[in-house]
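Spelled out from the first residue to the last, the chains are:
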Amino acid sequence: MGNMVKLIVDGTELEVEEGTVLLDACLDHGIYIPHLCHLKGMEQPPASCRLCFVSIEGIAHPVPSCTLTVREGMVVQTDTNAVRGLQISALRLLLSVHDVDCAHCPANKKCALQKIAKFLHIGLKAKGLEIYLKEPRVVQDHPLIDYYPNRCVLCGRCIRVCRAQNGLPLMSFAKRGFDTVISFYGAASTLGCKTCFACLKICPVGAITLKTPNS
Ligand code: SF4
Ligand code: SF4
Ligand code: FES
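In short, a report on the structure. (Residues numbered from 1 in each chain as written. Chains lettered and ligands numbered in written order. Predicted model: local features only at pLDDT ≥ 70, side-chain atom pairs only at ≥ 80, totals over all residues. Heavy atoms only, no water.)

Observations concerning the overall build of the protein chain
- Looking only at helices and strands, the protein chain features 5 helices and 9 strands.
- Counting from the amino terminus, helix and strand elements in the protein chain follow one another as β-β-α-β-β-β-α-α-β-α-β-β-α-β.
- Computed over C-alpha atoms, the radius of gyration of the protein chain comes to 19 Å, within 12% of the 17 Å expected from 2.2 N^0.38 for 215 residues, which places it in the range of a compact globule.
- Projected onto its principal axes, the C-alpha positions of the protein chain cover 55 × 45 × 30 Å.
- Here the protein chain holds 215 residues, and 46% of them are scored as buried.
- Summarising the internal contacts of the protein chain: among those between residues at least 6 apart in sequence, 58% fall at separations of at least 24.
- For the protein chain, the distance from the average position of its 23 positive side-chain charges to the average position of its 18 negative side-chain charges is 9 Å. (Helix = DSSP H or I, 4+ residues; strand = E, 2+ residues; numbered from the N terminus. Rg over C-alpha atoms; globule rule 2.2 N^0.38 Å. Buried < 20%, exposed > 50% of the residue type's maximum accessible area, 1.4 Å probe, protein only. Contact = heavy atoms within 4.5 Å. Lys, Arg positive; Asp, Glu negative; His and termini not counted. Charge placed at Lys NZ, Arg CZ, Asp CG, Glu CD.)

This is the structure we're talking about:
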């Protein structure tokens, strides 16, 4: 075990191994911070979901906790108004392009988006939100897997585990802006998928599903 550092999170002292990502340190100690794109142990966090903000003493603006490692004497607040404001904005943005139909979704009751919405006291069908959905509703190009763009939160976790598992990712982001989706490379490169399905397992929502016989 490496050197330990002490920090204070929401008034509680934590003792954590040096080099630990702040988000992991909090989660490991039962302090929940909303997050979608972070993957423990993976280098270069994309910090793309903009949910895991915390306030740090001495730093003017909230910072994504997945981009920091713990420091001796760090004083962290996970629940300031500024933090919650940023998290709610990020969540509303995600919900504005989300097809909320939990009853028909395989992620129902284990979905990270449901958990985050509950934690932030925001209904999944947020009031006053205009919803923009993509077409097609389901992409069925892959021989084994279906992809639901309107459930995808574009966290990129699937791409990163696919790369870790297969040496190079068999999937990537495609298109830009509002139209961004996950795209699988040609069917020839999906032979390894049969014994893998790491993307399906790591997806925090229900955007990747096993093909059903009649889907
Ligand atoms: S991904 Fe989550 S929030 Fe979206 S429909 Fe599925 S269970 Fe509901
Ligand atoms: S398919 Fe799932 S894991 Fe991949 S980017 Fe979308 S939400 Fe994230
Ligand atoms: S988990 Fe930190 S920005 Fe997504």
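Focus on the site of ligand 2
- Around ligand 2 there are 13 residues in total, and Cys152, Cys155, Gly156, Cys158 and Cys203 lie nearest to it.
- Tallied by class, the residues present in the shell around ligand 2 amount to 12 nonpolar, 1 polar and no charged. (Near = heavy atom within 4 Å. Nonpolar A, V, L, I, M, F, W, Y, C, P; charged D, E, K, R; others polar.)

Examining the site of ligand 1
- Lining the immediate surroundings of ligand 1 are His98, Asp99, Asp101, Cys102, Cys105, Ala107, Asn108, Cys111, Gln114, Val205 and Gly206.
- Class assignment of the residues belonging to the shell around ligand 1 gives a composition of 5 nonpolar, 4 polar and 2 charged.

Side note on the environment of cysteine 193
- Here cysteine 193 shows up in the loop between β8 (181–184) and α5 (198–202).
- Expressed as a C-alpha distance, the spacing of cysteine 193 and aspartate 179, which sit 14 residues apart in the sequence, is 25 Å.
- Contact partners of cysteine 193, with chain neighbours within four places excluded, come to His142, Leu144 and Leu170.

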